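Residues per chain are reported as follows:
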Amino acid sequence: MDETSRVVHVVDDDPAIRQSVGFLLRKAGYAVETHVSGTQFLKHVTREARGCVLLDVRMPDIDGLEVQATLAQRGIALPVIMLTGHGDVALAVRAIKAGAIEFLEKPFERATLLAAIETALAKAARIARVLLAALTPRERDVLDGMVLGRPNKLIAFDLDIATRTVEVHRANLMEKLMARSLSDVLRIAFAAGLGETADPA
C-alpha cells in the first residue's frame, strides 16, 4: 500500500487523546493529522483525502455521527472508526449501520486500535480495486500513464494511439471511477496499490 494512503485523521476534542493516539500511531508508522473538532475536520477534508478517520462520537459542536453523515453526503469515502468514552450501544449500532468499520470504547488497547486501522485501510484498498476492475484493459493503460504523471500526448505516444482516443478513455475511466478530478483518480489508484514502485521519470 502506498505510504501516503496510511494517513489517520484523528478527530477528537480531548487534547490528551489527540496527543496520546497521535504519538502511538506515528510510532507505529502512520502519518497522523489531528483535528480539534468535527467542524474543523469538515472544513479541511476533501474528496482527495486518503487513509481513514478515528472519529470521536461525542464532541461539543457537531457529533461524530453527524460528521460521518456529512462525509457520506459529500462523497468522501474515508473509512470511519468511531471512538467513545461512553458505553452507548445504540450509538454503536447507528455508527455501524451508517458504515463505520469499528466502534471502539475508550480506553482501548493499542493492538485493538491498530487492528481496526489496518482493517479500515484494507477496506479502502478493496473498494478501490473493485472500482478499477470495471475498467477495460486500454482504460487501465491510460490510468497507468496518469499515475506516472504523463500528459495525454505522451500517453498516446506510449500506447501508439491518437491523443483524442486517450481523452475518450480518460473520460470513460473517470466516469467509471466516479471521479470528479485527476486527484480523485489518483486517490483511488494509489489506494489500490498502483504506482507504488513506479518511476515517474
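Look up: the structure comes first, before these words.
Keep in mind that this is a model prediction, so the values were computed, not measured.

**Student:** How would you sum up the overall build of the chain? Please name residues and give values.
**Tutor:** Across its full length, the chain carries nine helices and five strands. Along the chain direction, N to C, the helices and strands of the chain fall in the order β-α-β-α-β-α-β-α-β-α-α-α-α-α. Summarising its shape, the C-alpha atoms of the chain cover approximately 60 × 30 × 25 Å along the three principal directions. Taken over 201 residues, the chain has a buried fraction of 47%.

**Student:** How would you explain helix H1 (residues 15-27) if you had to name every residue and give the values?
**Tutor:** An ideal rise of 1.5 Å per residue puts 18 Å on 13 residues; H1 measures up with 18 Å between its terminal C-alpha atoms. Along H1, the positions that sit buried rather than exposed are Ile-17, Arg-18, Val-21, Gly-22, Leu-24 and Leu-25. What you see down the axis of H1 is that its buried residues fit within an arc of 165°, all on one side. Exposed and oriented more than 90 degrees from the buried face of H1 are Pro-15, Gln-19, Phe-23 and Lys-27. Next to the buried residues of H1 lie strand E1 (7-11), strand E2 (31-35), strand E3 (52-56) and helix H5 (110-133). In this structure Asp-14 caps H1, since a side-chain oxygen of it lies 2.9 Å from the backbone nitrogen of Ala-16. Among the residues trailing H1, Gly-29 stands out with phi positive, at a value near 100°.

**Student:** Give me the lowdown on the nonpolar core, citing residues and values where you can.
**Tutor:** Of all hydrophobic cores here, the largest spans 24 residues; its most connected members are Leu-132, Leu-143, Leu-173, Leu-177 and Val-185. Only H5, helix H6 (137-147), helix H7 (152-159), helix H8 (163-176) and helix H9 (182-191) provide two or more residues apiece to this core. Here the element with the most residues in this core is H9; it accounts for six residues. Non-local contacts of Leu-177, meaning those with residues more than four positions away in its chain, are made with Leu-131, Leu-132, Leu-135, Val-185 and Ile-188. Grouped together as the second largest cluster of nonpolar side chains are 22 residues, Phe-41, Val-53, Leu-55 and Leu-78 included.

**Student:** Just give me the short version of the sheet that holds E1, but keep the residues and values in it.
**Tutor:** Strand order in the open sheet made by the five strands is E2-E1-E3-E4-E5, with parallel pairing throughout. Strands with a single pairing partner mark the edges of an open sheet, and in this sheet they are E2 and strand E5 (102-105). Between one strand axis and the next, the sheet turns by 20° as a mean value, whatever way the strands run. Bridge count between E1 and E3: four bridges; the pairing is parallel. Residue pairing for E3: His-9 is matched across the bridge by Val-53. Along the sheet face, H5 touches E1, E3, strand E4 (80-84) and E5 and points at about 130° away from the line of E3.

**Student:** Any details on the pairing of E1? Residues and values, ideally.
**Tutor:** Among the five residues in E1, five count as buried, and that is most of the element. Neither face of E1 is exposed, since Val-7, His-9 and Val-11 on one face and Val-8 and Val-10 on the opposite face are all buried. In terms of strand pairing, E1 meets E2 through five bridges, oriented parallel. Paired with Val-11 across the strands is His-35, a residue of E2. Where the polypeptide runs from E1 across H1 and back to E2, its parallel neighbour, the crossover connection is right-handed.

**Student:** So what's going on with the pattern of salt bridges? Which residues, and what values?
**Tutor:** Evaluation of the coordinates by the stated rule reveals eight salt bridges. Between Glu-118 and Arg-6 there is a salt bridge, with the nearest N and O atoms lying 3.1 Å from each other. In this pair, Glu-118 is assigned in helix H5 and Arg-6 in the segment before E1, connecting sequence segments 112 residues apart. Note on Glu-118: relative accessible area 33%, which makes it partly exposed. With its nearest N and O atoms 2.8 Å apart, the salt bridge here joins Lys-106 to Asp-12.

Conventions adopted
- Within every chain, residues take consecutive numbers counted from 1 along the sequence as written.
- Note on the predicted model: pLDDT of at least 70 is required for a residue's local features to be given, and 80 or more for side-chain atom pairs to be given and counted; whole-chain, interface and lining totals, by contrast, use all residues.
- Hydrogens and water molecules were not included; the side-chain quantities draw on all heavy atoms of the structure.
- For the purposes of this entry, the term helix denotes a DSSP run of H or I that reaches at least four residues, the term strand denotes a run of E that reaches at least two, and both are numbered from the N terminus.
- Each residue gets one of three labels from its accessible area relative to the maximum for its type: buried under 20%, exposed over 50%, partly exposed in between, using a 1.4 Å probe on protein chains only.
- What a helix should span is 1.5 Å times the count of its residues minus one.
- Each C-beta atom gives one direction from the helix axis, and the arc is the one those directions make.
- Two residues qualify as a contact provided that any one of their heavy atoms is within 4.5 Å of a heavy atom in the partner residue.
- In protein, a polar contact requires one atom able to donate a hydrogen and another able to accept it; more generally it is a pair of N or O atoms within 3.5 Å, and residues adjacent in sequence count only if both atoms are side-chain atoms.
- In this description, a nonpolar core means a group of buried Ala, Val, Leu, Ile, Met, Phe, Trp, Tyr and Cys residues linked to one another through side-chain atoms lying within 4.5 Å.
- Here, a strand pair is defined by DSSP locating no fewer than two bridges between the strands.
- To get an axis, fit a line to the C-alpha atoms, keeping to the stretch in contact for a helix; angles then go from 0 to 180 degrees between the N-to-C directions.
- Look down the strands so they point away from you; if the path from the first strand over the helix to the second goes clockwise, the crossover is right-handed.
- Throughout this description, the term salt bridge denotes a Lys or Arg side-chain nitrogen within 4 Å of a carboxyl oxygen of Asp or Glu.

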